[in-house]
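Fold and contact review
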Amino acid sequence: MRSIRSRLVKLTEGMFCLGMLMMAVPVLVGMQCYTVISGSMEPKIPKGAVIYVKKIPFSKIRPKDVITYRIGEKGGTVTHRVVRIDKDKKVLFTKGDRNEIQDACPVKEGQIQGIVKGCIPVVGYGILFFKAKYRMVILIVLLGTAEGICLLMERKEEQKHKC
């Protein structure tokens, strides 16, 4: 029983450390992490991926670059490909790879968060899961319950061997 518990603990610790590295290392090199929640950039950037975005000057952005930019007052973000640049007005025109038409509104220089430098598929689903209300609490309760059951079973096993 101890080996199962120690394996579960090691697995949980390993997943936690891997997750922390995947989020911390890019931040240390000046990137931001975002979770993709739509399929507008599939197949290049699938729904549920984590993307790494590096801030770059407007002048360095080129057509075909994939950028992340802010929309609306609440600060939602969109990740789409640049299809055209108007350098005089300092705006970009974008389109999702899977979308039929170009985005309706041009992207102003101040909205741009940066250019996408990397993508890890699927990982974003885990991040989205834990962002939802109470899910982290539920997971902690379930892990605590599992640990308690393992301890009880371990004690019963020890009592059998004492007799």
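Described in the following lines is the structure provided in the data block. Sequence order sets the numbering: in each chain, residues are counted from 1 along the sequence as written. Where local features are concerned, this predicted model is filtered to residues with pLDDT of at least 70; where side-chain atom pairs are given and counted, the filter is 80 or more; whole-chain, interface and lining totals use all residues. For side-chain calculations, the full set of non-hydrogen atoms in the structure is used, while hydrogens and water are omitted.

We now examine unusual backbone geometry. Cis geometry marks the peptide bond from Glu 42 to Pro 43; its omega dihedral reads 5°. Secondary structure elements follow DSSP: runs of H or I no shorter than four residues count as helices, runs of E no shorter than two count as strands, and numbering proceeds from the N terminus. Along the polypeptide, Pro 43 turns up in the loop between β1 (31-35) and β2 (50-54). Within the chain, Lys 64 stands out as a residue other than glycine whose phi angle is a positive 85°. Counting through the fold element by element, Lys 64 comes out in the loop between β2 and β3 (66-71). Here the phi dihedral of Lys 90 falls at roughly 55°; this positive angle occurs in a residue that is not glycine.

Relative to the helices and strands, Asp 86 resides in strand β4 (residues 76-86). Buried charge without a partner: Asp 86 forms no salt bridge, and the closest opposite charge is Lys 89, 4.4 Å away. Side-chain polar atoms of Asp 86 contact the backbone nitrogen of Asp 88, separated by 3.1 Å. Residues within four places of Asp 86 in sequence aside, it is in contact with Val 91 and Phe 93. Whether a residue is buried, partly exposed or exposed follows from its accessible area with a 1.4 Å probe, protein chains only, as a fraction of its type maximum: under 20%, in between, or over 50%, in that order. We count Lys and Arg on the positive side and Asp and Glu on the negative side, and we leave His and both chain ends out. The term salt bridge refers to a side-chain nitrogen of Lys or Arg lying within 4 Å of a carboxyl oxygen of Asp or Glu. The definition of a polar contact used here is a pair of N or O atoms within 3.5 Å, where within protein one atom must be able to donate a hydrogen and the other to accept one, and adjacent residues in sequence count solely through side-chain atom pairs. Should any heavy atoms of two residues lie within 4.5 Å, those residues are considered in contact.

Glancing now at a nonpolar patch on the surface. Here, patches come from residues exposed beyond 30% relative accessible area and free of salt bridges, joined within 9 Å for like charges and within 5 Å for nonpolar side chains (Val, Leu, Ile, Met, Phe, Trp, Tyr). Areas reported here follow the Shrake-Rupley algorithm with a probe of radius 1.4 Å; residue values treat only the protein chains shown as occluding. The grouping of Leu 8, Leu 11 and Met 15 at the surface amounts to a nonpolar patch, some 320 Å² of accessible area in total. Relative to the helices and strands, Met 15 is located in helix α1 (residues 2-28).

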